[in-house]
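One-letter residues, chain by chain:
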Amino acid sequence: MDIEEIVESIRRRLDEKDALREEALKTSREIVRLSGDTVKALHRGEVSTARARFAEAGKLVGELRKRLTSHPDIYYTGYVQTAHQEFVEAALLLSYAAGEPYPSPEELGVPEADYALGLGDFVGELRRCFLLRLLENDVESAEKTYREMERIYNALMTLEYPKGLVNVRQKQDQARHILERTLEDLTRAKLNKSLEEKLKAAAGDE
């Protein structure tokens with residue numbers, strides 16, 4: 001076989017893979033956008049809008065998985081992994097807001113490692129829920145959210161693997177920092193509420 005023919009064959013294959021890579025990149029960006037829209041809608045209390053955006057993202061996740069079945073070198077790249085993480089984060093927040101069981105990696109159609117990383121980011125979204133409850137002066141609900149953050153964090157900390165398998169250590173460190181800040185905020189809020197109640201009681205006795 002002539003070298004020109006060999007190179008031409010290589011070129012055709014690489015052109016095909018390059019086109020597929022561009023398609024995957026575009027789809028991944030759209031998944032990230034729709035997942036972000038899902039999260040924003042949930043924090044605004046717009047559950048129906050959140051479900052619609054999440055459904056759109058879910059379709060793209062499935063399409064991407066099928067399209068890249070024979071191209072694991074693209075499927076396990078950083079930008080696809082990032083899209084999966086955002087999708088997982090949105091899925092977990094949607095389930096939490098609706099009081100539904102959390103979906104598994106299999107149910108979402110994403111790799112376990114990507115799910116674990118998305119789980120770490122979920123702790124940050126729960127903190128936002130926590131802060132919104134505090135702004136509403138609903139300390140009891142805020143504490144329930146903190147307890148869920150704590151539960152997620154404890155589960156996340158059981159994953160101890162080398163960076164080459166899943167780079168979860170950074171997510172664990174971030175989650176721990178978020179949890180510590182949230183506990184400080186909760187403690188302060190409970191002390192303030194207790195003081196307010198005592199002042200009201202004292203004023204009522206006068």
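Worth saying up front: this structure is predicted, and the values here are computed from it rather than measured.

*Asks:* Can you lay out the pattern of salt bridges for me, pointing to particular residues and giving the numbers?
*Replies:* Applying the stated rule across the entire model yields 22 salt bridges. For the salt bridge of D73 with K17, the shortest nitrogen-to-oxygen distance reads 3.2 Å. Residue D73 is found in helix α3 (residues 72–75), and its partner K17 is found in helix α1 (residues 3–43); the two are separated by 56 residues along the sequence. When its relative accessible area of 46% is taken as the criterion, D73 is described as partly exposed. For K17, a relative accessible area of 26% corresponds to the partly exposed category.

*Asks:* Residues and numbers for the side chain of K171, please.
*Replies:* You can see K171 is positioned in helix α8 (residues 169–205). A polar atom in the side chain of K171 sits 2.8 Å from the side chain of D121. Excluding its chain neighbours within four sequence positions, the residues that come into contact with K171 are Q85, L117, G120, D121 and L156.

*Asks:* So what's going on with unusual backbone geometry? Residues and values would help.
*Replies:* Its identity as a non-glycine residue notwithstanding, N137 has a phi of 65 degrees, on the positive side. By the secondary structure assignment, N137 is in the loop between α6 (112–135) and α7 (139–156). On the basis of relative accessible area, N137 is assigned to the exposed category, the value being 56%.

*Asks:* Describe the confidence of the model for the chain, listing the residues and the values that go with them.
*Replies:* Looking at the chain as a whole, its pLDDT mean stands at 91, while 95% of the residues score no less than 70. No element of the chain has a lower mean pLDDT than α8, which averages 83, and none a higher one than helix α5 (residues 105–108), which averages 97.

*Asks:* So what's going on with helix α2 (residues 47–67)? Which residues, and what values?
*Replies:* Helix length check: α2 (21 residues) gives 30 Å between terminal C-alpha atoms against 30 Å at 1.5 Å per residue, within 8%. Inspection of α2 places A50, F54, A57, L60, V61, G62 and L64 among the buried residues, and these make up the whole buried set. As for α2, its buried residues are in contact with α1, α3, α4 (78–98) and α5.

*Asks:* Tell me about the packing of aromatic side chains, residues and numbers included.
*Replies:* This model, assessed by the stated rule, comprises three aromatic pairs. Where Y75 meets Y76, the ring centres are 5.1 Å apart and the plane angle is 85 degrees; that geometry is what we call edge-to-face. Taking the relative accessible area as the measure of exposure, Y76 reaches 56% and is therefore exposed. With centroids separated by 5.7 Å and ring planes inclined at 80 degrees, the aromatic side chains of Y102 and F122 adopt a geometry described as edge-to-face. Remark: F122 occurs in helix α6 and Y102 occurs in the loop between α4 and α5; sequence separation between them is 20 residues. For Y102, a relative accessible area of 25% translates into the label partly exposed. Note on F122: relative accessible area 0%, which makes it buried.

*Asks:* Pulling in residues and values, what's your account of the nonpolar core?
*Replies:* Judged by nonpolar contacts, the single largest core of 49 residues is most densely connected at I31, F54, L68, F87, L108, V110 and F122. The set of elements that each furnish at least two residues to this core consists of α1, α2, α3, α4, α6, α7 and α8. No other element matches the nine residues that α4 contributes to this core. Not counting residues within four places of it along the chain, the set of residues in contact with V110 comprises V61, Y75, H84, F87, V88, P105 and Y115.

So, how was this worked out
Residues numbered from 1 in each chain as written. Predicted model: local features only at pLDDT ≥ 70, side-chain atom pairs only at ≥ 80, totals over all residues. Heavy atoms only, no water. Salt bridge = Lys/Arg side-chain N within 4 Å of Asp/Glu carboxyl O. Helix = DSSP H or I, 4+ residues; strand = E, 2+ residues; numbered from the N terminus. Buried < 20%, exposed > 50% of the residue type's maximum accessible area, 1.4 Å probe, protein only. Polar contact = N/O pair within 3.5 Å; in protein donor to acceptor, adjacent residues only side chain to side chain. Contact = heavy atoms within 4.5 Å. pLDDT = per-residue confidence, 0-100. Expected span 1.5 Å × (residues − 1). Phe/Tyr/Trp six-rings, centres within 6.5 Å; stacked < 30°, edge-to-face > 60°. Core = buried A, V, L, I, M, F, W, Y, C linked by side-chain atoms within 4.5 Å.

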